[in-house]
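Residue strings, one per chain:
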Amino acid sequence: MTKKTINPETVFNSVQYGFSQAVIKTGNRHLFLSGQVGINKDEETTPGGLPAQTKLALENIHSVIKAAGGELSDITMLRIYIKQGAESHENQRVISSLLKQFFPSEPPASSWVIVTGLSLPEWLIEIEAEAILD
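Residues numbered from 1 in each chain as written. Predicted model: local features only at pLDDT ≥ 70, side-chain atom pairs only at ≥ 80, totals over all residues. Heavy atoms only, no water.

### Looking at the packing of helix 1 (residues 49–67) against helix 2 (residues 89–102)
Rules: In this analysis, axes come from line fits to C-alpha atoms, helices being fitted only over the stretch in contact, and the angle between any two N-to-C directions falls in the range 0 to 180 degrees. Strands are runs of DSSP state E lasting at least 2 residues, helices are runs of H or I lasting at least 4, and numbering of each runs from the N terminus. Angles are sorted into four bins: roughly parallel if under 35 degrees, roughly antiparallel if over 145, roughly perpendicular if 65 to 115, and oblique for all others. For any helix crossing, the convention is left-handed if the near helix is rotated counterclockwise from the far helix by under a right angle, and right-handed if that rotation is clockwise. It only takes one pair of heavy atoms within 4.5 Å for two residues to be counted as in contact. Residue polarity is assigned by list, with Asp, Glu, Lys and Arg as charged and Ala, Val, Leu, Ile, Met, Phe, Trp, Tyr, Cys and Pro as nonpolar; anything else, Gly included, falls into the polar class.
Packing of helix 1 against helix 2 brings their axes to within 10 Å, and their N-to-C directions diverge by 25°. The orientation of helix 1 relative to helix 2 falls into the category roughly parallel. Seen along the crossing, helix 1 lies across helix 2 with a hand that is right-handed. Here Leu50, Pro51, Thr54, Lys55, Leu58 and Glu59 of helix 1 lie close against helix 2, whose contacting residues are Asn91, Val94, Ile95, Leu98, Leu99 and Phe102. Here the residues of the contact of helix 1 with helix 2 are counted per class, giving eight nonpolar, two polar and two charged.

### Concerning the packing of aromatic side chains
What counts here: Any two rings among Phe, Tyr and Trp, with Trp reduced to its six-membered ring, count as a pair given centres within 6.5 Å; such a pair is stacked if its planes are under 30 degrees apart, edge-to-face if over 60, and tilted if neither.
On inspection of all chains with the given rule, the structure shows three aromatic pairs. Summarising the aromatic geometry, the rings of Phe12 and Tyr17 are spaced 6.4 Å apart at their centres and angled 55° between planes, so their arrangement reads as tilted. With 6.3 Å between their ring centres and 70° between their planes, Phe12 and Phe19 make a pair best called edge-to-face. The rings of Phe12, Tyr17, Phe19 and Trp112 are connected pair by pair, giving a single aromatic cluster.

### Side note on unusual backbone geometry
Just so we agree on the cut-off: Exposure is judged per residue with a 1.4 Å probe applied to protein chains only, and the accessible area is read against the type maximum: over 50% gives exposed, under 20% gives buried, and values in between give partly exposed.
One non-glycine residue, Glu43, lies in positive phi territory at about 65°. Along the chain, Glu43 falls in the loop between strand 3 (29–36) and helix 1. Assessed through its relative accessible area of 66%, Glu43 is described here as exposed. Located in the positive-phi region is Glu106, a residue other than glycine, with phi close to 45°. With respect to the helices and strands, Glu106 occurs in the loop between helix 2 and strand 5 (109–115). Classification of Glu106 as partly exposed rests on a relative accessible area of 36%.

Shown next as structure tokens:
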């Protein structure tokens, strides 16, 4: 199995924000993770706003991928949905910081989308992931 991130100098430096422009990875299984939000196993939304919800969503992604036999480094793509009104520049810096914490090297590619709402009004972020496993 190999993984290579693609970040050419001819486009902006996305790694500073915690994601790569593209990822090439080989493996045997393609894993699609449902969107994860900032709720615990008891379906309680974590207090603390977008920073806390983002951290818990990423922790939930880590839990699911481990249960499938993978690791965070196997993730090739994230789709991040941010609720309108929560997309401040400061909150985007928080998301970037957490992405760099969870993906310190060769981060996955990602798309960030501002949406009018998520399934519950208190949810501020939802993160989907794709991974290639051995």
